[in-house]
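# What the coordinates show
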Amino acid sequence: MNVLQITLLFFASVRTSLPSEPYSTTVSLPSDPTPYPISLLRQHLIEQVYPGNQEFKQALLKSAWSVDEEMVDESDEQRVMLKGGEIVCPIPPVSGG
């Protein structure tokens, strides 16, 4: 059985919410369901990968997703499937002038 893995890239509030503020990490996805819908990724990261990190949870709940440099519309999260090998980035809201 192959383990599905993705690379996560971190920016802004998502990155600063993590100890040592990593730029990226590799995450193994649950084997069921396969392929893995990105709609389940947020919950997996909050509950299994970074449990108890409330700052991370709050940042992730406000974030959109990018998969292989393509933005994922919130309405498409159920249809976007991760098969392993993707570069996934939670994109937190930003403000500027």
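For the structure, check the block above.
Predicted model, so just to flag it, every value in this text is computed and none were measured.

In this section: the pairing of strand β7 (residues 87-91). If a strand is regular, its side chains alternate between the two faces of the sheet. Sheet topology note: the strand β1 (residues 5-9)/β7 ladder contains 2 bridges and is parallel. Note that in β7 the partner of Thr-7 across the bridge is Ile-87.

What follows covers the pairing of strand β4 (residues 64-67). Bridge analysis of β4 against β7 gives 4 bridges, and the strand direction is antiparallel. By the bridge assignment for β7, Ser-66 is matched with Cys-89. Alignment of β4 against strand β5 (residues 70-72), held across 3 bridges, turns out to be antiparallel. In the sheet register, Trp-65 faces β5, and the bridge partner there is Val-72. Hairpin connection from β4 to β5: 2 residues lie between these consecutive antiparallel strands, with Asp-68 at a positive phi of about 50 degrees.

Right, let's talk about the sheet that holds β5 for a bit. Overall, mixed pairing links the 5 strands, which are arranged β2-β1-β7-β4-β5 in an open sheet. The outermost strands of the open sheet, each flanked by one partner alone, are β2 (24-28) and β5. Taking the axes of each pair of neighbouring strands and ignoring which way they run, one obtains an average angle of 30 degrees across the sheet. Of the strands in this sheet, β1, β2, β4 and β7 touch helix α2 (residues 41-49), which is tilted by about 95 degrees from β2.

Time to look at the side chain of His-44. Tracing the backbone through its elements, the reader meets His-44 in helix α2. Since its relative accessible area comes to 12%, His-44 is described here as buried. Polar contacts involving the side chain of His-44 include one to the main-chain carbonyl oxygen of Ser-28, which spans 3.2 Å. In this structure, His-44 is in contact with Val-27, Ser-28, Leu-29, Pro-30, Tyr-36 and Val-49, ignoring residues within four places of it in sequence.

Rules behind the numbers
Residues numbered from 1 in each chain as written. Predicted model: local features only at pLDDT ≥ 70, side-chain atom pairs only at ≥ 80, totals over all residues. Heavy atoms only, no water. Pairing = 2+ DSSP bridges. Helix = DSSP H or I, 4+ residues; strand = E, 2+ residues; numbered from the N terminus. Axes fitted to C-alpha atoms, helices over the stretch in contact; angles between N-to-C directions. Contact = heavy atoms within 4.5 Å. Buried < 20%, exposed > 50% of the residue type's maximum accessible area, 1.4 Å probe, protein only. Polar contact = N/O pair within 3.5 Å; in protein donor to acceptor, adjacent residues only side chain to side chain.

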